[in-house]
Amino acid sequence: MFHRILVEEWQRVLTVISFGIFMFTFAVIALRAWRMPREIVRRLENLPLENDTHNHE
Amino acid sequence: MTTTATKTTIEYDDTPVRQFMIASIAWGIVGMLVGVLIATQLAFFQLNFNTPWLTFGRLRPLHTNAVIFAFVGNMMFAGVYYSTQRLVKARTTSKFLSQLHFWGWQAIILAAAITLPLGLTRGKEYAELIWPINIAVALIWVVFGINFFWTLARRNERSLYVAIWFYIATIITVAMLYIVNHLSIPTSLTHSYPIFGGVQDALVQWWYGHNAVAFFLTTPILGIMYYFLPKAAGRPVYSYRLSVVHFWSLVFLYIWAGPHHLLNTSLPRWLQSLGMIFSLMLWAPSWGGMLNGLLTLRGAWDKLRTDPVLKFFVAGVTFYGMATFEGPLLSIRPVNALAHYSDWIIAHVHAGALGWNGFMAAGMFYWLAPRLWNRPLHSVAAANMHFWLGLVGILLYVSSMWVSGITQGLMLSATHENGTVLANPNFLDAVTSTMFLMHIRALGGLMFLAGFIILAWNIWKTASGAQAVNGTVEVFVEEKPRAMGLIGGFANAPVIFITLLIVFAMGWGALPRVASGLCLWAFLGTFMGMIAHKEYTKATWGQWYERLLENALPFTVLTAVSVFVGGIVQIIPTVIIDTAENIEGVRQIPYTPLELAGRDIYVREGCYNCHSQQIRTLVGDVLRYGDYSKMGESIYDHPYQWGSKRTGPDLAREGSKYPNSWHFFHMRDPRQISPGSTMPNYPWLFTDRTDIASLRRKIEVQRKLGVPFKETTQAEIAESCRVQGEAIVADLKTAGAETTPDRQIVALIAYMQKLGKSEVVAPEQKSAHPKTAAK
């Protein structure tokens, strides 16, 4: 309802830039994750399950 | 290619894990106990005991700091030390650094526990600790970082599991946030002024404050979830691919969302929009992570019936989902208009702190204790009792605060007569209407605390008399592949092409017409060049990414770049703008020395914990408190005092609203003036003397920070204080209030009467030299 004065006009573009940078980064990362070789995924996801003596109760 | 591998046995150093775990439980109980006390103070003001170091304003920072840095901090370190060693198959490199980290951190917490109740504070939420402690925090954090990265460098597992990524992001980002938000100029050994002021300080504060939640309370705990949940469930994480997307999206998005704490305030609108948009986008990665955690239990849900560890983990992850649904919801401007400054925000943060952090900590401790002391948990039944006690406690706490917050928001914004008259003009109506909910909240907190005391007893019984054991493992130590290094990591085709594409795409979207067109052509040209390069070299870019996952240094730099981008885009434009030009037509009149002394008392007593100084651009706010706050009205405030909660009314335009005697009697006994108030009495302000001797140094520092104080001598300062103090005392005397000019209450009244005083600046006068502080 009340008008908030913008600081400097050029700063409007920063929102667009920010959104664009994220969407591009997201697309690249999502593509990379999707194309990760299955054997690498298998090996990585099982890393926490490798046991030490704490798990031989 | 043949590789030579030798078999060796590694004994992990689990001593710091045990130490941090015990410290977390002990400090957790202290932090929660203080939380229960201050929650009860909001229902029974008598529990402030008319004692400075027991008042709400001083204890609330102790509660928040104890829970964040002592409870969750120690818990996080325990989890990081335990899981990192096992994920990289290497013993923590330096026992000395581990011990320095542990004892240094405990000394910091102890120092905080002593200084905060004494009123030694920087006056910024979750950043209250005084400057010598800030330096200690930074140094000990560096010790932690060195020990962590040194261990990574000596690892026997090539790949970095996703939990390690979250730890890296935590270490890098917390260091950046903490240092920037704690930049101050000392005025004495225990006092300093932050270098940022007004709207700039507000932005930096919530960039830090929000990301303290993100990178101290969330990312390390997500790393812990990705290690301990598969361990407890006995099966791998539901989708490793999803965890990769979860990590990068979260790390990239979180850093931008801070301005959602400043919606409808004097913060520039573009920053408010940025904070809202990025907060909404956070929904996706947060829920992706939550579902990834919960679905890890696929096929093992039956274990929930018997295993208290999984009960805590599943409830914890569910609360993570709930809190991260609620957070973006609260960032929507109209929802925020209702919820901000109310108990709804208190409900939100406690769903996160108690549900997510508290339950993940409990699950991890119950999982670790039998292994660290090689003995079964003393009582599974007690652990189950803890779970139900804690769960009911959280639900009571959160639901009562939801009801209270929504009630406060609705009552304080309600209007009649087409939005021209407040429906509830007396602020205290909202306080008394929600009083019974404060009792329920205190009960909920007490139940959660009781659960944690049961945990402490259970783990004590498990460990007492048992032998502490370190885990050992046999590993094949392979010859290490050649590291990528920084140049190899970034001076290569994938990075160069993708960076150019991002730059040109942004230019296409953001620049004016001709430049935009050029950027589009450059983007298309780069894209074609990328295709041609791939065809010509037959390069498989995936290999670069897979190698990156095995090289900690370039990976860390990439993570740092992800978080720095958000910080730079938000902070730099706001810090470099000409504050004299961007004041929205009004400029704050600088304080007199006595008013400055009064302001320091206001900060010392933690008044900002209950009172805001920011009238939002909302009908309810403007009708109740006056015209909405402008950017120029707080430009000389180091630190800014906009606050984040209104347990009492806003004070932005408090000056001249009431006579001096009103403040005098109100500070002595608020209920004498405002029946039903829960504000503490401040009897010591009537007996303690104002510190005039330190004002010269304080004014010198304020001058360095750009506040237009005249150069002045100590004698001039003392005379100025005497004259203004005597005028206030004479005025008080006419109303039957007796005191002397050197008492703290006089300085505080001087400050209160200055609030909202500003000068109108015509557009052509914007750059003119501002009015100098009266002497």
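Since the structure is predicted, the reported quantities are computational estimates derived from the model, not experimental observations.

A. Up close: the overall build of chain A. Each helix and strand counted, chain A has two helices and zero strands in total. Counting only residues that meet the buried cut, chain A has 21% of its 57 residues in that class.

B. Geometry of the overall build of chain B. When helices and strands are counted, chain B shows 28 helices and eight strands. For a compact globule of 775 residues, the expected C-alpha radius of gyration is about 28 Å, and chain B comes in at 28 Å, within 12% of that figure. Each principal axis of the C-alpha atoms in chain B carries an extent, and together these give about 95 × 75 × 55 Å. Residue burial in chain B is summarised as follows: out of 775 residues, 54% are buried. The contacts of chain B with a sequence gap of at least 6 include a subset with a gap of at least 24, amounting to 83%.

C. Inspection of the interface of chain B and chain A at higher detail. Facing the 48 residues of chain B at the interface are 41 residues of chain A. If you list the elements that add at least two residues to the side of chain B that touches chain A, you get α2 (56-88), α7 (219-233), α8 (240-254), α9 (269-281), β6 (472-478), α18 (493-510), α20 (542-548) and α21 (552-576) of chain B. Per-element tally for the side of chain B that touches chain A: the top contributor is α8 of chain B, with eight residues. Classifying every residue of the side of chain B that touches chain A gives 31 nonpolar, nine polar and eight charged.

D. A look at the domain arrangement of chain B. The assigned domain composition of chain B is domain 1 (18-413 + 424-463), domain 2 (485-550) and domain 3 (586-765). Using only C-alpha atoms to locate each centre, domain 1 of chain B and domain 2 of chain B end up separated by 38 Å.

E. Summary view of the packing of helix α1 (residues 15-41) of chain B against helix α16 (residues 435-463) of chain B. Residue and element names in this part refer to chain B. The interhelical angle for the contact between α1 and α16, taken along N-to-C directions, is 165°, at an axis separation of 9 Å. Taken together, α1 and α16 sit at an angle that is classed as roughly antiparallel. For α1 against α16, the interelement crossing comes out left-handed. Contacts between α1 and α16 involve Ile25, Gly28, Ile29, Met32, Leu33, Gly35, Val36, Ala39 and Thr40 from the former and Met438, Arg441, Ala442, Gly445, Leu446, Phe448, Leu449, Phe452, Ile453, Leu455, Ala456 and Ile459 from the latter. For the contact of α1 with α16, the residue count by class is 16 nonpolar, four polar and one charged.

F. Representation of unusual backbone geometry within the structure. Residue and element names in this part refer to chain B. Each neighbour pair has its own omega, and for His638 with Pro639 the value is -5°, a cis peptide bond. Along the chain, the position of Pro639 falls in the loop between α23 (619-625) and α24 (660-668). Here Phe49, not a glycine, exhibits a phi torsion of approximately 55°, which is positive.

G. Local environment of α7 of chain B. Residue and element names in this part refer to chain B. For α7, with 15 residues, the first-to-last C-alpha span of 21 Å sits near the 21 Å given by 1.5 Å per residue. Across the 15 residues that make up α7, a large majority, 15, are buried. Count one or two residues on from α7 and you reach Gly234, which has phi positive near 75°.

H. Inspection of the confidence of the model for chain B at higher detail. All names here are of chain B. On average, residues of chain B score 92 in pLDDT, and 96% of them are at 70 or above. This stretch, residues 771-775, has a pLDDT under 50; its non-local contacts, to residues over four places away or in other chains, come to 15 contacts. Interface confidence for the predicted complex, given as ipTM, is 0.81, next to a pTM of 0.92.

I. Quick peek at the nonpolar core. Residues and elements named next belong to chain B. The biggest cluster of nonpolar side chains holds 218 residues, and the ones touching the most others in it are Leu253, Phe365 and Leu748. For Phe365, the contacting residues outside a window of four places in its chain are Met21, Ile25, Leu455 and Ile459. In terms of nonpolar packing, the next biggest core, distinct from the first, is built from five residues, Met411, Leu412, Ala430 and Val431 among them.

Conventions adopted
Residues numbered from 1 in each chain as written. Chains lettered and ligands numbered in written order. Predicted model: local features only at pLDDT ≥ 70, side-chain atom pairs only at ≥ 80, totals over all residues. Helix = DSSP H or I, 4+ residues; strand = E, 2+ residues; numbered from the N terminus. Buried ≥ 20, exposed ≤ 12 C-beta atoms within 10 Å, placed from the backbone. Rg over C-alpha atoms; globule rule 2.2 N^0.38 Å. Contact = placed C-beta atoms within 7 Å. Nonpolar A, V, L, I, M, F, W, Y, C, P; charged D, E, K, R; others polar. Domains from an automatic or database assignment. Axes fitted to C-alpha atoms, helices over the stretch in contact; angles between N-to-C directions. Parallel < 35°, antiparallel > 145°, perpendicular 65-115°, else oblique. Left-handed = near helix turned anticlockwise from the far one by under 90°. Expected span 1.5 Å × (residues − 1). pLDDT = per-residue confidence, 0-100. Core = buried A, V, L, I, M, F, W, Y, C linked by C-beta atoms within 7 Å.

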